[in-house]
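# Structural characterization, general
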Amino acid sequence: NLEGLKTIAVTTNGINLTRLLPRLKEAGLNAINISLDTLVPAKFEFIVRRKGTNLSSKATVLIPAGMCLLYLQVNCVVMRGLNEDELLDFVDFTKDLPLDVRFIEYMPFDGKYSCFEILHGVE
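Residues numbered from 1 in each chain as written. Predicted model: local features only at pLDDT ≥ 70, side-chain atom pairs only at ≥ 80, totals over all residues. Heavy atoms only, no water.

The name given to the protein chain in an unreviewed UniProt entry is MOCS1 protein, with Neopipo cinnamomea as the source organism. Per UniProt, the protein chain carries the Pathway (unreviewed entry) text "Cofactor biosynthesis; molybdopterin biosynthesis." (UniProt positions renumbered as here; feature names shortened; annotations may be inferred.)

## Describing the overall build of the protein chain
From N to C terminus, the protein chain includes 5 helices and 6 strands. When burial is assessed residue by residue, the protein chain has 35% of its 123 residues classed as buried. A separation of at least 24 residues holds for 62% of the contacts in the protein chain among residues at least 6 apart in sequence. Accessible surface, the protein chain: about 8100 Å² in total, of which carbon and sulfur atoms supply 56%. (Helix = DSSP H or I, 4+ residues; strand = E, 2+ residues; numbered from the N terminus. Buried < 20%, exposed > 50% of the residue type's maximum accessible area, 1.4 Å probe, protein only. Contact = heavy atoms within 4.5 Å. Areas by Shrake-Rupley, 256 points an atom, 1.4 Å probe, with all protein chains shown as cover.)

## Regarding the pattern of salt bridges
Evaluation of the coordinates by the stated rule reveals 3 salt bridges. The shortest N-O distance in the salt bridge between D85 and K43 comes to 3.3 Å. Of this pair, D85 sits in the loop between β4 (79-80) and α5 (87-94) while K43 sits in helix α2 (residues 41-48), placing them 42 residues apart in sequence. Taking the relative accessible area as the measure of exposure, D85 reaches 56% and is therefore exposed. Each of the salt bridges in this network shares a partner with another, and the network as a whole consists of K43, D85 and E86. (Salt bridge = Lys/Arg side-chain N within 4 Å of Asp/Glu carboxyl O.)

## Description of the confidence of the model for the protein chain
For the protein chain, the mean per-residue pLDDT works out to 76, and 69% of the residues sit at or above 70. Per-element confidence in the protein chain is highest for strand β1 (residues 9-12), whose mean pLDDT is 88, and lowest for strand β6 (residues 117-118), whose mean pLDDT is 56. (pLDDT = per-residue confidence, 0-100.)

## Considerations on the sheet that holds β1
Whenever strands of a sheet pair, they do so through backbone hydrogen bonds, lying parallel or antiparallel. The parallel open sheet is built from 4 strands, whose spatial order is β1-β2-β3-β5. A single partner strand is all that each edge strand has here, and the edge strands are β1 and β5 (100-104). Direction aside, neighbouring strands of the sheet carry axes that sit 20° apart on average. Two strands pair when backbone bridges link them, and strand β2 (residues 31-35) and strand β3 (residues 71-77) are joined in this way by 5 bridges, in the parallel orientation. Paired with N33 across the bridge in β3 is Q73. (Pairing = 2+ DSSP bridges. Axes fitted to C-alpha atoms, helices over the stretch in contact; angles between N-to-C directions.)

## Describing the nonpolar core
Counting residues in each nonpolar core, the largest one holds 14 residues, and the members touching the most others are L17, I32, I34, L36, L72 and L99. The set of elements that each furnish at least two residues to this core consists of α1 (17-26), β2 and β3. Top contributing element to this core by residue count: β3, with 3 residues. (Core = buried A, V, L, I, M, F, W, Y, C linked by side-chain atoms within 4.5 Å.)

## So, the pairing of β1
Inspection of the sheet shows β1 paired to β2 by 4 bridges, in the parallel sense. Across the sheet, the residue bridging to V10 is I32, located in β2. Running through α1, the crossover from β1 to the neighbouring parallel element β2 is right-handed. (Right-handed = clockwise from strand over helix to strand, strands pointing away.)

Quick look at the structure:
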């Protein structure tokens, strides 16, 4: 424990979260920000560029993570032609979970833009 430090947080794509969560919690982690842009397994594999990634285990880890942490947030980048049809699915999936969902704009950190048309916040 560091004096004055109230939150230890991590941002993750959640792929290894099920395996790492107990150790992270033991180390003092009390907040997680998970990137989850789709609830559709085929779209998820396309987005993360990894075959065989188990979306269901990533999605279901939200429940135990939310119960053992102070704060859990899911960020969903909304992209026209990829996942804009899933907004209500995200709301329905998370409505009874102890977490916040934010629908956010794509942020090109490498200066490149997504091959999907960006939906802006005003939309």
